[in-house]
Amino acid sequence: SLRHSFDRAKEGYWHLLPVQNTRTKAPAQQEMVAARRAFLSAGYYGIFGQALGELCLEYGQPKAGKPLRLLDAGCGEGWYDRCIAKQFEEAGRPLELAGFDIAKPAVRLAAKALPSARYAVASSSIAGAQGWADVLLNCFSPFAQEEFLRVLRPGGRLIYAVPGAEHLFQMKAVLYKKPYKNPVQEVAYPGFEAIGEREVSGSITVPAGQLEALFAMTPYYWKTPRDGAARLAALQELTTDISFRFLVFEKK
């Protein structure tokens, strides 16, 4: 079971982080979570949520007579999970969903928005019971190989989402003098067998009010020179490509 003997907050999530890991800048984190939620709720990444749900339905194999057990590693404020839950409901497929993230304000929002799921404030090293998950999601986060193998049941599936080559290229062209496409790598992970891949692409036009949220959701936010960030902040709107790759693995 995923239930730990830790404090359960009134919003319905579990607090599993050791105390020394919780000293984050609360207001800044809260603002970023709110901005991210507004951006995702506006539907800019709709093709991502749709594809993720379809892949979970296609590759998810529950144990006989049981709901599909889905674990979202780094769930954020749960928008992707809600996209998946909606598709499972429409398909009449039972789903048992759990997720964890180190950002407490995000987990609080996720738990409120999807009460049927179980959410925890945790880092990967202590979240999730061994062999619990039929499907594990890892969206835009580092590949924690040992942890992923631990929480997946034998034969369980991992859906790993990474940016496609063209993802946010026009945003990068504003931020940097020499923008580069994202590398498209085929990486082998011991203990996992690659069983599927899918890519979805589109174009979005983002007004100034949402651009900062999009920028803050990217790794570029932490490493862009000030003049690049200023150029982005000066725009009324930006039209940019979006592109996502989904790599599907099976635990051997």
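Here the residue index of a chain counts from 1 through its sequence in written order. At least 70 in pLDDT is required for a residue's local features to be given in this predicted model, at least 80 for side-chain atom pairs to be given and counted, and no such filter applies to totals for whole chains, interfaces and linings, which use all residues. The side-chain numbers reported here are obtained from all heavy atoms of the structure, hydrogens and water having been left aside.

Novice: Please provide a residue-by-residue account of the confidence of the model for the protein chain, values included.
Specialist: Put simply, the protein chain has an average pLDDT of 88, and 87% of its residues get 70 or more. The low-confidence segment residues 1–9 (pLDDT under 50) makes 22 contacts with residues lying over four places distant or belonging to another chain. Counting contacts from residues 13–27, a segment whose pLDDT is below 50, to residues more than four positions away or on other chains yields 35 contacts. On a scale of 0 to 100, pLDDT captures the predictor's confidence in every residue. Here a residue-residue contact requires only that any non-hydrogen atoms of the pair lie within 4.5 Å.

Novice: Describe the nonpolar core, naming the residues involved and giving the relevant values.
Specialist: In this structure, Y45 and F246 are the most contacted members of the largest nonpolar core, which totals 51 residues. In this structure, F246 is in contact with F48, A51, L52, L55, I159, Y160, A161, G196, E197, R198 and V200, ignoring residues within four places of it in sequence. To form a nonpolar core, buried Ala, Val, Leu, Ile, Met, Phe, Trp, Tyr and Cys residues must be joined to one another through side-chain atoms within 4.5 Å. Note on exposure labels: buried denotes an accessible area under 20% of the residue type's maximum, exposed denotes more than 50%, and partly exposed covers the range between, all computed with a 1.4 Å probe on protein chains only. Counting 21 residues, the second-largest nonpolar core is a separate cluster that includes A98, A129, L136 and F192.

Novice: Hey, could you go over unusual backbone geometry for me, with residue numbers and the actual values?
Specialist: Excluding glycine, most residues fall at negative phi; most peptide bonds, likewise, are trans. In this model, F140 sits at a positive phi of 65°, which is unusual for a non-glycine residue. Where helices and strands are cited, they refer to DSSP runs of H or I of at least four residues and of E of at least two residues respectively, numbered from the N terminus. When you line up the elements, F140 lands in the loop between strand 5 (133–139) and helix 5 (145–151). Residue F140 is classed as partly exposed on the basis of its relative accessible area of 33%. In the Ramachandran plot, L168 falls in the positive-phi region, its phi being about 55° despite a non-glycine side chain. Position of L168 among the secondary structure elements: in the loop between strand 6 (152–163) and helix 6 (169–175). Classification of L168 as buried rests on a relative accessible area of 1%.

Novice: Account for the state of the cysteines, with residues named and values stated.
Specialist: The disulfide criterion used throughout: a pair of cysteine sulfur atoms within 2.5 Å. One pass over the structure, following the stated rule, counts zero disulfides. C139 forms no disulfide, and the closest cysteine sulfur to it belongs to C56, at a distance of 8.5 Å.

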